[in-house]
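Understanding the architecture of this molecule
What follows is each chain in one-letter form.
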Amino acid sequence: MKTKLKNMIKTAAKAAYKAGAINSDDFTPVEIEEPKAGAHGDLASNFAMLNAAAQKMAPRKIAEAVVNHLADSDGIIDKTEIAGPGFINFFLNTSAWHPVLHEVHAQDTQYGACNIGDGQKIQVEFVSANPTGPLHVGHGRGAVVGDTVATILSFCGYKVFREYYINDSGRQIQTLGRSVYLRCLELAGRDITFPEDCYQGDYIYDIARILMDQSKEWMLGAGQDEAIAYCAKYASEKILNGIKDDLALLGVDFDNWFSEQSLYDSGRVDAAIKQFQADGLIYEKESALWFKTHAFGDEKDRVVVRQNGLTTYFASDIAYHRDKFDRGFDQIIDVWGADHHGYIPRISAAIKAAGKNDDRFHVILTQLVNLLRAGTPVAMSTRAGQFVTLREVIDEVGRDAVRFIFLTRHYESQLDFDLEVAKQKTNDNPVYYVQYVHARISSIFKKAKQEKNIKTISGDAESVSRLSEPEEIALIKHMARYPEVIQSAAQWMEPHRIAFYLMDLAATFHAYYNKHRVLVNDLKLADGRLYLVLAVQKIIRNGLNLLGVSAPDAM
RNA sequence: GCGCCUGUAGCUCAGUUGGAUAGAGCAACGGACUUCUAAUCCGUAGGUCAGGGGUUCGAAUCCCUUCAGGCGUACCA
C-alpha cells in the first residue's frame, strides 16, 4: 500500500513539474507513514516539507500542486487533505485494503519474507559460554536473541550459519580440571584446601562423584598432572553436553560447534601470529608479543603471547575471526554479553589489520539479566557457585514464556526477569496473550466445521467486500504492516519489533473478537470473516515461528 | 579519569531512525460472560520523555553539557 502511494506521489510530482506548478524535478525519496491520529487519515506523506528548501516554495503550496496532479487509477483514495505544516493525508477506501487478505493467503508461510540478504552468507556466533559450568539466564538471553536473529535473517534472504565457539583450551579448563580433581581428593577423605579461584559450584562435586565411582583407584594413583588433565577433559565434555541439552530445551540449535583447541591443534593460531609478524603488525616488547591494535582504532596495543610463552585468549580469537572470513562468510555477527563490550575495538582492529572491512563484522551486545522472584533479587554469585541455572528457569517457566520475555525488550536494555511474573498466565506475560489469539481462531474453525458444517472458505470477491467494520479494516491495515516489520527486524537485527507487533495485532484481534461474531447466520459475511481471521492466524503463527514460540490450537 | 549502555506514567517497557495531540501492559477505580475460549474486552485516571542549552518548519529521537544507575577499562577469560 505504501509503495503504491509512493509511486503515485512521485508521478504526481513529475506531472506537477511538467505543468509548471513546482520549480524543480529534483525530489527527495518519498516517505509514507501511518499517522497516529485517525483524523489524519490512513497514510500520510511529508513530501512537501522535505522538498520545501529545494523547491523554494512553501510546503503547503507544494502539497497542493502534488495533490492536484494525483492520478488514482485504482480508485483507492477516498479523499486527500493538506494539513498542518504541509502533510498530505490520504483517506483510503475500505476496498483498498481488501487485497491484502489475498496476499496473506497466497503467500501463506512466506508472507512477510523479503530478500534483503540476497543470498549473502552470514555467520551468527552466539552463546559460546565456557564449558566450565552450567548456563545461567544471561546466557539464555544471548541464546534466544542470537537464535531469533538468525531465523529472521534467514527468512529475509540470508544464508545463515549458526555457530557456538567452545573455549575448550587454556587456563579456565585447567582450573576446571583442578577443581574437579580437588573435589575427588576431598571425597576420598584427603585433607585439601580448595582455592578461591577454583569453581565453587555444587556441580563440581557431582562430576567428581561420577569420576570416583568410575575410576577411584586410577584417580588416586595417577600423577597429579595426568589426573587433572583427565578431569578437565571429562568435566568439560560433560558440562558441554549439559549445555547442549539446555539449549535444545530452549529450541536453540547450531550448525557447528567450533572448538578453540582445534585452532591450536591445526596450527592456525601459530600461523596467524606468524603472518601478522611478517606483516609487521606483531612486535616484541618486554619479552611478550604485542599486536598493533592501536593503529587500527583500539585504545592501546594488546598482548598475544605473554612473557611466560602462553598465548592469550585474544590470540586464538584473532585466528578464529580470520578463520571465519576464510570460510567465506560475507558477514559475521557475534552475540556477546555486554560485559565483553571492551573487547570489540580489539577484534575490529584485528579484522582491519587482516585487510578486511570491519563493516562485515557486527557485534550484538545483550545487556545483563537480573533474576527476581516476586520482586526480590535472586542471589546470583558465580564465584560462590550459587546461582539459578537456565535449566531451572526453563523447567519452572516454560520455553515459550522464557523466549518471549527475552524478546519483548530491546537487547540493549537491562532486563528484570521475574520468575513469578513469568509463570503467570495473565497479560503480565504477553506470550499467552498472543498465543490465545491463535487458539481462539482455531476454536472458531472447529466450531464452524462441527456446528455450522462449514468445510471450506471461499474468500471470494463478494464475501471479502462485506468486510467493512472499522475493526475489520483495522485488522487488515495491521496485517499490511507485517512485511515491513519483518524487514526492519532483519535490517536492524532487532527481534523485539516482531514481538511487539504480535502483541499489537493480538490486541486488535481480541477487540474485534469481543465486538463482532465471526460465525454469523449470514453465510457470505461469515465466509468473509473466516477468511479474515484465518489470515490473522497465519500471521500470528508465522511471527511466533520466527521467534521460536509455539502456536497452540487450544489453551 | 576514560569508554560503552541505559534514564519515557507508581512498576515493566514500546515509540515506525526527525513528524502532527508521547503509547501499551501491570497496579488503581468503574463496567461487560444464556452467543465462536473471560488466559478476553470497554471506560476512567495517571507525563517537566532525568535536568539545562543548541541544530530547524518540527526533537523523546540529532549535537553539546550536567546528573543518576549499570558495565568495561589485564601479559584473566
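**Quick look at the overall build of chain A**
- A tally of regular secondary structure across chain A gives 21 helices and 15 strands.
- Counting only C-alpha atoms and orienting by the principal axes, one finds that chain A spans roughly 90 × 65 × 40 Å.
- Every one of the 555 residues in chain A was classed for burial, and the buried ones make up 50%.
- For chain A, restricting intrachain contacts to residue pairs at least 6 apart in sequence, the fraction spanning at least 24 positions comes to 71%.
- Here chain A displays about 25,400 Å² of accessible surface, and carbon together with sulfur accounts for 48% of that area.
- Side chains of chain A give 62 positive and 71 negative charges; the mean places of these two sets differ by 3 Å.

**Here we look at the protein's contact with RNA strand B**
- Around RNA strand B sit 67 residues, and of these Arg-306, Tyr-433, Tyr-436, Ser-443 and Trp-492 come closest.
- If you look at RNA strand B and keep only atoms within 4 Å of the protein, 63% of those are sugar or phosphate atoms.
- In this structure, a base oxygen belonging to RNA strand B sits 2.6 Å away from a main-chain N or O atom of Gln-307.
- Sorting the residues of the surface near RNA strand B by element identifies helix 2 (47-50), strand 4 (87-92), helix 7 (171-187), strand 9 (288-291), strand 15 (415-418), helix 17 (430-451) and helix 20 (496-515) as the ones contributing at least two each.
- The dominant element in the surface near RNA strand B, judged by the number of residues it contributes, is helix 17, at 8 residues.
- Within the surface near RNA strand B, the residues separate by chemical class into 27 nonpolar, 21 polar and 19 charged.

**Some thoughts on the nonpolar core**
- By size, the foremost hydrophobic cluster in this structure holds 145 residues, and its most contacted members are Val-180, Phe-417 and Met-479.
- Leaving out residues up to four positions away in the same chain, Met-479 has contacts with Val-100, Leu-101, Tyr-111, Tyr-501, Leu-505, Leu-532, Ala-535, Val-536 and Ile-539.
- Residues Val-304, Phe-329, Trp-336 and Ile-347 belong to the second largest nonpolar core, which totals 30 residues.

**Comments concerning the packing of helix 20 against helix 21 (residues 523-547)**
- Where helix 20 contacts helix 21, the axes come no closer than 10 Å and their chain directions differ by 155°. The pairing of helix 20 with helix 21 is recorded here as roughly antiparallel in orientation. In this structure, helix 20 meets helix 21 at a crossing whose hand is left-handed. Contact with helix 20, carried on its side by Ile-498, Ala-499, Tyr-501, Leu-502, Leu-505, Phe-509 and Tyr-512, involves Arg-529, Leu-532, Val-533, Val-536, Ile-539, Ile-540, Gly-543, Leu-544, Leu-546 and Leu-547 of helix 21 and no other residues of that element.

**Some words on the packing of aromatic side chains**
- Under the definition given, this model contains 20 aromatic pairs.
- Between Tyr-165 and Phe-258, the aromatic rings sit 6.1 Å apart at their centres with planes inclined by 35°, giving tilted as the arrangement. With Tyr-165 in strand 6 (residues 159-166) and Phe-258 in strand 7 (residues 256-259), this residue pair connects regions lying 93 residues apart in the sequence. Neither residue differs from the other here; Tyr-165 and Phe-258 are each classed as buried.
- When the centroid spacing of 6.0 Å and the interplanar angle of 70° are considered together, the rings of Tyr-313 and Tyr-343 count as edge-to-face. In this pair, Tyr-313 sits in helix 12 (residues 313-326) while Tyr-343 sits in the loop between strand 11 (331-337) and helix 13 (344-353), placing the two residues 30 residues apart along the sequence.
- Among the residues examined, Tyr-313 registers a relative accessible area of 39% and is labelled partly exposed.

**A look at the domain arrangement of chain A**
- Segmenting chain A into domains produces domain 1 (2-92), domain 2 (171-249) and domain 3 (429-546).
- Distance from the C-alpha centre of domain 2 to the C-alpha centre of domain 3: 54 Å.

**A look at the sheet that holds strand 7**
- Reading across the sheet, the 5 strands line up as 7-6-5-11-12 and stay open at both edges, with parallel pairing between neighbours. The sheet is open, and its two borders are formed by strand 7 and strand 12 (361-366), each paired with just one other strand. Geometrically, the sheet is characterised by an average inter-axis angle of 25° between neighbouring strands, direction not taken into account.
- Looking at chain direction, strand 5 (residues 121-125) and strand 11 are connected through 4 bridges and run parallel. Pairing of Val-124 across the sheet is with Ile-333, part of strand 11.
- Together, strand 5, strand 6, strand 11 and strand 12 form the strand contacts of helix 6 (residues 137-155), whose direction differs from that of strand 6 by roughly 160°.

**A word on the environment of Pro-35**
- Relative to the helices and strands, Pro-35 resides in the loop between strand 1 (32-33) and strand 2 (43-45).
- Between the C-alpha atoms of Pro-35 and Tyr-320, which are 285 residues apart in sequence, the distance is 48 Å.
- In this view, Pro-35 contacts His-40, Gly-41, Asp-42, Leu-43 and Ala-44; residues no more than four positions away in its chain are not counted.

Here is what the cut-offs are and how they apply
- Residues numbered from 1 in each chain as written.
- Chains lettered and ligands numbered in written order.
- Predicted model: local features only at pLDDT ≥ 70, side-chain atom pairs only at ≥ 80, totals over all residues.
- Heavy atoms only, no water.
- Helix = DSSP H or I, 4+ residues; strand = E, 2+ residues; numbered from the N terminus.
- Buried < 20%, exposed > 50% of the residue type's maximum accessible area, 1.4 Å probe, protein only.
- Contact = heavy atoms within 4.5 Å.
- Areas by Shrake-Rupley, 256 points an atom, 1.4 Å probe, with all protein chains shown as cover.
- Lys, Arg positive; Asp, Glu negative; His and termini not counted.
- Charge placed at Lys NZ, Arg CZ, Asp CG, Glu CD.
- Near = heavy atom within 4 Å.
- Polar contact = N/O pair within 3.5 Å; in protein donor to acceptor, adjacent residues only side chain to side chain.
- Nonpolar A, V, L, I, M, F, W, Y, C, P; charged D, E, K, R; others polar.
- Core = buried A, V, L, I, M, F, W, Y, C linked by side-chain atoms within 4.5 Å.
- Axes fitted to C-alpha atoms, helices over the stretch in contact; angles between N-to-C directions.
- Parallel < 35°, antiparallel > 145°, perpendicular 65-115°, else oblique.
- Left-handed = near helix turned anticlockwise from the far one by under 90°.
- Phe/Tyr/Trp six-rings, centres within 6.5 Å; stacked < 30°, edge-to-face > 60°.
- Domains from an automatic or database assignment.
- Pairing = 2+ DSSP bridges.

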